[in-house]
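Residue-level structure breakdown
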Amino acid sequence: MPELFAKSALHGQKPLTRAGVTLSEEVLGPITSVACFPGKRALVAAQLGGFPAPNRREGNLLWTGPEQAFLLGQAPDLSGLAATTDQSGGWAALRLNGETNKLLARLFPIDPRSLTEGTCLRTPLFHMSAVLTRDDKGVLILVFRSMARTAWDEIAHAMEMLQAREAIAG
Amino acid sequence: MRLTCPLCGDRDRREFYYSGSEDTLTRPAPDAGDAAWDDMLYLRTNPAGVTKDLWYHESGCGSWLVVTRNTVTHEILATERVADRKGAPK
């Protein structure tokens, strides 16, 4: 058996800073999708120490749909309470730090001012399914791993355009 | 055009997929006869005024919505989750 090692979706990609925003890859580790069985949400919340309301995140739990969340980490045994699927490595995470609102306005069809800390939205990055959230470190964008380089390219392009516009404005 | 998803709030039309009349939510009984099934599957009214359609929040929360809108004024009058009709939790 050859020696194998895990590569992140954007392995070797250096952070990019333009127009006061820094884009970088974030390696999240294990991700588990938790989809509650009907009527079991309270029991799931008791096991996980909470369950996020729509459009919210709660600790390591990101809301991804009705009765459904991503747990950043390993899930305890939720047999009979929720369907859990391992999503680790299926998603790529991109981090934005800095003055992000002008950039977000170019990327997502939502009001960036509504993305306060603790918010977690399902909204598309162009045509890519995405999870968009803000924590104490900044904005985090999750896209399908297969879309990682496309997402990076689209965001980097918007950052270049924003910087060019700011340069013209002086 | 914007639609208010009961879960996600006010969202752009590009997040939604249009799936036609809400008639398809109401199925006749299996033995209701050809006429009733033909009516459900193929016959659509085309009102100038208030109509109800199914929309899917494809790039959002994945909910199916019943959207009440006016085809004359383009006004969106109401949005409702199909799951809520059936009493599903949020």
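Please read all numbers here as calculations on a predicted model, not as lab measurements.

Residue and element names in this part refer to chain A. Here chain A is described as being made up of domain 1 (16-28 + 89-169) and domain 2 (31-86). Between the C-alpha centres of domain 1 and domain 2 there is a distance of 25 Å. Every contact between the two is made by 14 residues of domain 1 and, on the other side, 9 residues of domain 2. For the pair domain 1 and domain 2, the summed buried surface comes to about 1,000 Å²; carbon and sulfur atoms form 65% of the total. Contact with domain 2 buries surface across domain 1, with G118, C120 and R122 losing the most and accounting together for 41% of the total. Linking domain 1 with domain 2 are 1 salt bridge, by the criterion used here. Where D135 meets R57, a salt bridge forms, and the shortest distance between an N and an O atom there is 3.8 Å. Here the side of domain 1 that touches domain 2 gets 4 residues from one element, more than from any other, and that element is strand β10 (residues 130-135). Residues that form the side of domain 1 that touches domain 2 fall into these classes: 6 nonpolar, 4 polar and 4 charged.

This part is about the nonpolar core. The tendency in soluble globular proteins is for nonpolar side chains to be buried side by side. Residues and elements named next belong to chain A. Membership of the largest hydrophobic core comes to 30 residues, with the highest contact counts inside it found for L96, L103, F108, L125, I141 and I155. Those elements that provide at least two residues to this core are β2 (21-26), β8 (91-98), α2 (101-107), β10, β11 (138-144) and α3 (148-169). In terms of residue count, the dominant contributor to this core is α3 (8 residues). Other than its neighbours up to four places away in sequence, I141 contacts A92, A93, L94, L96, F108, V131, L132 and I155. Counting 12 residues, the second largest nonpolar core, distinct from the first, contains A69, L71, L78 and L81.

The next point concerns the interface of chain B and chain A. With 14 residues of chain B at the interface, the matching set in chain A holds 13 residues. Both sides of the chain B and chain A interface together cover about 1,100 Å² of buried area, and 54% of this is carbon and sulfur. The interface formed by chain B and chain A holds 0 salt bridges in total. Taken together, the connections running from chain B to chain A amount to 3 residue pairs in polar contact (both at pLDDT 80 or more). Residues belonging to the side of chain B that touches chain A are distributed by class as follows: 4 nonpolar, 3 polar and 7 charged.

All names here are of chain B. Applying the stated rule across the entire model yields 16 salt bridges over all chains. Residue E80 pairs with R85 through a salt bridge whose shortest N-O separation is 3.3 Å. Taking the relative accessible area as the measure of exposure, E80 reaches 31% and is therefore partly exposed.

Moving on to the packing of aromatic side chains. All names here are of chain A. For the structure shown, the criterion picks out 4 aromatic pairs over all chains. Ring centres of W91 and F144 lie 4.9 Å apart, and the angle between their planes is 65°; on these two criteria the pair is classed as edge-to-face. One end of the pair, W91, is in strand β8; the other, F144, is in strand β11, and 53 residues separate them in sequence. The class for W91 is buried, based on a relative accessible area of 12%. The exposure class of F144 is partly exposed, given its relative accessible area of 35%.

So, on to the pairing of strand β3 (residues 31-36) of chain A. Residue and element names in this part refer to chain A. Burial of β3 is extensive: 5 of the 6 residues sit out of reach of the surface. Bridging between β3 and strand β6 (residues 68-72) involves 5 bridges; their strand directions are antiparallel. Counted as the bridge partner of A35 is Q68 from β6. With 5 bridges joining them, β3 and strand β7 (residues 82-86) adopt antiparallel strand pairing. From the neighbouring strand, T32 faces β7, where its bridge partner is D86.

Analysis parameters
- Residues numbered from 1 in each chain as written.
- Chains lettered and ligands numbered in written order.
- Predicted model: local features only at pLDDT ≥ 70, side-chain atom pairs only at ≥ 80, totals over all residues.
- Heavy atoms only, no water.
- Domains from an automatic or database assignment.
- Contact = heavy atoms within 4.5 Å.
- Buried area = accessible area lost by both parts, 1.4 Å probe.
- Salt bridge = Lys/Arg side-chain N within 4 Å of Asp/Glu carboxyl O.
- Helix = DSSP H or I, 4+ residues; strand = E, 2+ residues; numbered from the N terminus.
- Nonpolar A, V, L, I, M, F, W, Y, C, P; charged D, E, K, R; others polar.
- Core = buried A, V, L, I, M, F, W, Y, C linked by side-chain atoms within 4.5 Å.
- Buried < 20%, exposed > 50% of the residue type's maximum accessible area, 1.4 Å probe, protein only.
- Polar contact = N/O pair within 3.5 Å; in protein donor to acceptor, adjacent residues only side chain to side chain.
- Phe/Tyr/Trp six-rings, centres within 6.5 Å; stacked < 30°, edge-to-face > 60°.
- Pairing = 2+ DSSP bridges.

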